[in-house]
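# What the coordinates show
Here are the chains, one letter per residue:
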Amino acid sequence: MTIAAAQIVALSPLLMITGVGCLALLLDTMAKGRAPALWLAQLGCVAALLAVANQWMGSGSSQPIWSGMLIVDRMALFLDGVLIIAALATLLVAAPFMREHEFEHGEHYALVLFATAGGMTVVHATHLLSLLIGIETMSLAAYLLVASWRRQPAGAEGALKYLLLGAFAAGFLVYGTALVYGTTGGEMSYAGIAARAARAADNPLFIMGAYFLLTGMLFKIAAVPFHMWAPDAYEGAPTPVTGLMASGIKVAAVGGLVRLLGSAFANPGLALGHAGWVRVLGGIAFATMTWGNLAALRQENVKRMLAYSSIAHAGYLMIGLVALGQKVDGAQPALLVYLAAYAATTLGVFTVVAWVGRRDDERLLIRDWAGMARTRPAVALAMTVLLLSLAGVPPTGGFFGKFYVFRAAMQSPDLAWLVVAAVLNSLVSVYYYLRIVVAMYFRDPVRPWQPFPSVGMAIVLFVTVVVVLALGVVPRPVVELAAGGLVTHW
Amino acid sequence: MNLAAHSASMAETIVFAILSAGVLVGGLLTVTRRNPVSAVMCLVLTFAALAGLFATLSAHFLAVLQILVYAGAVMVLFIFVVMMVNREESTPIARQGLVTRAAGVLAAGYVFYRVAWLVSHERTLPLLAASATPPVKDFGTVSAVGALLFADFLFPFEAISLLLLLAVVGGVMLTRHVREDHSSRVS
């Protein structure tokens, strides 16, 4: 095989992120201080964004490249954009956070980029091997990032739980890959699996392999009952890392699922048949959003509450996946809009959580947030907007994301119950999101908040609020971008 | 039936049975031993038997690699780590509750039941067995594996190097001494 230059150019965003990550590691050992590595990583993100835009203009080829390993289509490029922006925001927030809490280390920036590179591989993957490697790269970087705050015992505990259960999930992925490979007569590319799926669908071993793959992926998006690790890992991780896990990593895993379910396992017999994944996924979606919301109601710790809220959002996202399995028109762009809005909101929310804490005083309990509106009205207002977006109140991006996904699901009469359950769940979620708002606006400050000055955090917060509001008021541009990203059927 | 062919397939079955018994017993012992060193030794048994299975499937190069890399290098690393760390067994992370345990046993039992059912019905199922034809002439040789690795599987081959780099960086990062404790900290 000769490698055409076009194949390398098509991967330029991924190569840039990986290469800059390696350079940042090197630069960190040679340069004085942490600043050069940080600047290099941020510049790399901007350059990779430009490369993504370049690929988007060229519209790429809709055929898998690298012997069927990857595809560079509009959906992958859209999600690439979201992932890189999430990485950039994480870098901007992580630097002041680590400085304040005095655990700065240069590997952190490289790890954020490597996690992003893994996520980009996942959303491009059209082959079970590249999916597996992407997932593992992303996860390994995430385990390390969770454990990186060495003084924090909760971080080590969360990281260990995440690592052990994650290794188990990786086992499911590998076993599922092996079963699918064996029962389709040696196929690992999505196109090959899809071609053989009609015949293999009668084979229980193939079904088992498909469900093992699904289990491994659902673990990564923290769907019930594979969510046990999430609250501990989210709480123990340094807050900017929690933001990255809730936004970038979830976006990548859902993107990988969209591709896997939308092409390899899209066969109607497989999706809707006797043991079809559509029904199973519907049940899991219901369990995930309900459990996540009910558990969030009881939390006093803001980070833990947001962890359960992120589990609930995985449930809403799965409604989109179920609609995708029902072959509903517009399910996929709706999911992409939801993912973009959710990622922007989550990054903003965790920026505020990261900003509130000071050295040796993280202020993570809701009562610590009392009276914040009096001392810092702008930040309190921004947080309110972001929380309303998470709850899905108009005119925010979160509302439109949910609206599009639910509207897509409503087109299939089988899914009406799921949409009703999701709307009821959203109502429940308003209660716990508003608890934070009430604390900020209507309680007397116990300990006045004095945030450390940080331009990076202010920029991220401002941009995310603007994006969330823009998505709510003029959603059209993003909706059109997402609609340009339909999975190409090959 | 040809007697020679019959006895050959008989021998194949016996070898397969012995090797898979080695894999299974080794695996079971690995997860049940309390002493980490004996657990690691049982893992060696699994790896060696697995290499034998590869060899019977005419993947000779893979069998050699399995011995060299896993039974050789990786095992030595494991043993070094076990002996150097030599930690007392701490409380297991596994969930202790009766309900979760029961759920685990039920789920494992169900999967086992399904697999057992499948194996017993194998003949009647539409198994898409890869191919009944014998493997191509240079199957499993160094050059054939190399050609696959650098042609069809070039992307995963390169992408794995990032994963390995990440593991190295992570190992260094997590085992380094925490410097900040004796820096500006006064409290």
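Model, not experiment: these values are computed from the prediction.

Cut-offs and rules
Residues numbered from 1 in each chain as written. Chains lettered and ligands numbered in written order. Predicted model: local features only at pLDDT ≥ 70, side-chain atom pairs only at ≥ 80, totals over all residues. Heavy atoms only, no water. Helix = DSSP H or I, 4+ residues; strand = E, 2+ residues; numbered from the N terminus. Buried < 20%, exposed > 50% of the residue type's maximum accessible area, 1.4 Å probe, protein only. Contact = heavy atoms within 4.5 Å. Lys, Arg positive; Asp, Glu negative; His and termini not counted. Charge placed at Lys NZ, Arg CZ, Asp CG, Glu CD. Areas by Shrake-Rupley, 256 points an atom, 1.4 Å probe, with all protein chains shown as cover. Buried area = accessible area lost by both parts, 1.4 Å probe. Polar contact = N/O pair within 3.5 Å; in protein donor to acceptor, adjacent residues only side chain to side chain. Expected span 1.5 Å × (residues − 1). Salt bridge = Lys/Arg side-chain N within 4 Å of Asp/Glu carboxyl O. Patch = residues over 30% accessible without salt bridge, like charges linked within 9 Å, V, L, I, M, F, W, Y side chains within 5 Å. Phe/Tyr/Trp six-rings, centres within 6.5 Å; stacked < 30°, edge-to-face > 60°. Core = buried A, V, L, I, M, F, W, Y, C linked by side-chain atoms within 4.5 Å. Axes fitted to C-alpha atoms, helices over the stretch in contact; angles between N-to-C directions. Parallel < 35°, antiparallel > 145°, perpendicular 65-115°, else oblique. Left-handed = near helix turned anticlockwise from the far one by under 90°. Nonpolar A, V, L, I, M, F, W, Y, C, P; charged D, E, K, R; others polar. pLDDT = per-residue confidence, 0-100.

### Section: the overall build of chain A
Helices and strands together make up the secondary structure of chain A, namely 21 helices and zero strands. Oriented by its inertia axes, the alpha-carbon framework of chain A measures out at about 65 × 55 × 40 Å. Across the 490 residues of chain A, 66% fall into the buried class. Considering only intrachain contacts with a sequence separation of at least 6, the fraction spanning at least 24 residues in chain A is 80%. Charge separation in chain A, taken as the distance between the mean sites of 29 positive and 22 negative side-chain charges, equals 3 Å.

### Focus on the overall build of chain B
For chain B, the count of helices and strands is six helices and zero strands. Going from the N terminus to the C terminus, chain B shows its helices and strands as α-α-α-α-α-α. Here the analysis covers contacts within chain B between residues at least 6 apart in sequence; of these, 54% occur between residues at least 24 apart. For chain B, the computed accessible surface area is about 13700 Å², with 73% contributed by carbon and sulfur atoms.

### Quick notes on the interface of chain A and chain B
Counting from both sides, the interface comprises 52 residues of chain A and, opposite them, 37 residues of chain B. Among the residues of chain A in contact with chain B, A:Ile133, A:Leu144 and A:Arg150 are the three that bury the most area, contributing 16% of the side total. Summed over the shared surface of chain A and chain B, the number is two residue pairs in polar contact (both at pLDDT 80 or more). When residues of the side of chain A that touches chain B are traced back to their parent elements, those giving at least two are α2 (12-30), α5 (107-124), α6 (128-147), α7 (153-183), α8 (190-200) and α9 (204-220) of chain A. By residue number, the principal contributor to the side of chain A that touches chain B is α6(A), which donates nine residues.

### Remarks on α5(A)
Turn by turn, an α-helix covers 3.6 residues, leaving residues three or four places apart pointing in a common direction. Look at α5(A): 26 Å from first C-alpha to last across 18 residues, which is about the 26 Å you get at 1.5 Å a residue. Where burial is concerned, most of α5(A) is hidden: 18 out of the 18 residues are buried.

### Overview of the pattern of salt bridges
Residue and element names in this part refer to chain A. Taken as a whole, this structure holds twelve salt bridges over all chains when the rule is applied. Where Arg34 meets Asp28, a salt bridge forms, and the shortest distance between an N and an O atom there is 3.1 Å. The class for Arg34 is partly exposed, based on a relative accessible area of 22%. Owing to a relative accessible area of 13%, Asp28 belongs among the buried residues under this scheme. Linking Arg304 and Asp232 is a salt bridge whose minimum nitrogen-to-oxygen distance equals 3.5 Å. Placement of the pair is Arg304 in helix α14 (residues 302-325) and Asp232 in helix α10 (residues 229-236), with a sequence separation of 72 residues.

### Section: a nonpolar patch on the surface
Residues and elements named next belong to chain A. Judged by side-chain polarity, Val455, Ile459, Phe462, Val463, Val466 and Val467 come together as a nonpolar surface patch covering roughly 530 Å² of accessible area. With respect to the helices and strands, Val455 occurs in helix α20 (residues 455-473). Judged by its relative accessible area of 62%, Val455 falls in the exposed class.

### Describing the packing of aromatic side chains
Residue and element names in this part refer to chain A. Considering all chains together, one arrives at 23 aromatic pairs over all chains under this definition. Arranged with centres 5.6 Å apart and planes meeting at 80°, the rings of Phe168 and Phe172 form a pair that is edge-to-face. Linking Phe168 with Phe172, this pair stays in helix α7, spanning four residues, or about one helical turn. Residue class for Phe168 comes out exposed when judged on its relative accessible area of 57%. With 5.9 Å between their ring centres and 35° between their planes, Phe400 and Tyr404 make a pair best called tilted. Here Phe400 and its partner Tyr404 are both found in helix α18 (residues 397-410), four residues apart, which amounts to about one turn of the helix. Just as Phe400 is buried, Tyr404 falls in that class too.

### Considering the side chain of A:Gln42
Within the element layout of this structure, A:Gln42 appears in helix α3 (residues 35-58). A:Gln42 gets classed as buried once you look at its relative accessible area, which sits at 10%.

### A few points about the nonpolar core
Residue and element names in this part refer to chain A. Membership of the largest hydrophobic core comes to 196 residues, with the highest contact counts inside it found for Met245, Phe265 and Trp369. Ranked by residue count, the leading element in this core is helix α15 (residues 331-356), at 19 residues. Sequence-distant contacts of Trp369, that is, excluding residues within four places in its chain, are made with Val302, Val352, Val353, Val356, Arg363, Leu364, Met383, Ile436, Ala439 and Met440.

### Considerations on the packing of α5(A) against helix α6 (residues 154-175) of chain B
Helix-helix packing is characterised by the crossing angle of the two axes and by the distance between the axes. At a minimum axis distance of 11 Å, the contact between α5(A) and α6(B) shows a crossing angle of 150°. Taken together, the axes of α5(A) and α6(B) lie roughly antiparallel to each other. Classified by chirality, the crossing of α6(B) by α5(A) is left-handed. Along its contact with α5(A), which presents A:Glu107, A:Leu111, A:Phe114, A:Ala117 and A:Thr121, the element α6(B) presents B:Phe155, B:Leu162, B:Leu165, B:Leu166, B:Val169 and B:Met173.

### Here we look at unusual backbone geometry
Residue and element names in this part refer to chain A. A cis geometry characterises the amide bond from Val224 onward to Pro225, with omega recorded as 5°. For Pro225, the position within the fold is in the loop between α9 and α10. One non-glycine residue with positive phi stands out, namely Ala222, at about 60°. The residue Ala222 is located in the loop between α9 and α10 in this model. Of note, the phi angle at Arg363 is positive, near 50°, even though the residue is not glycine.

### Quick notes on the packing of helix α4 (residues 74-101) of chain A against helix α11 (residues 239-264) of chain A
Residues and elements named next belong to chain A. With their axes 8 Å apart at the nearest point, α4 and α11 run at an angle of 170° to one another. Between α4 and α11, the angle falls in the class roughly antiparallel. Between α4, through Met75, Ala76, Leu79, Val82, Leu83, Ala86, Ala87, Thr90, Val93, Ala94 and Phe97, and α11, the contact on the second element is made entirely by Thr239, Pro240, Leu244, Ser247, Gly248, Val251, Ala252, Gly255, Val258 and Arg259. Classifying every residue of the contact of α4 with α11 gives 15 nonpolar, five polar and one charged.

### Looking at the confidence of the model for chain B
Residue and element names in this part refer to chain B. Confidence in the prediction for chain B averages 80 pLDDT; 79% of positions are at 70 or higher. Within chain B, the lowest mean pLDDT, 84, falls on helix α4 (residues 98-120), and the highest, 91, falls on α6. Contacts of residues 181-187 to residues separated by more than four positions or lying in other chains number seven contacts, the stretch itself having pLDDT below 50. If you check the scores for this complex, the pTM reads 0.91 and the ipTM reads 0.88.

### A short note on the environment of A:Thr239
Tracing the backbone shows A:Thr239 in helix α11. In the structure, A:Thr239 is positioned 63 residues away from A:Val302 in sequence and 11 Å away in space, judged by C-alpha atoms.

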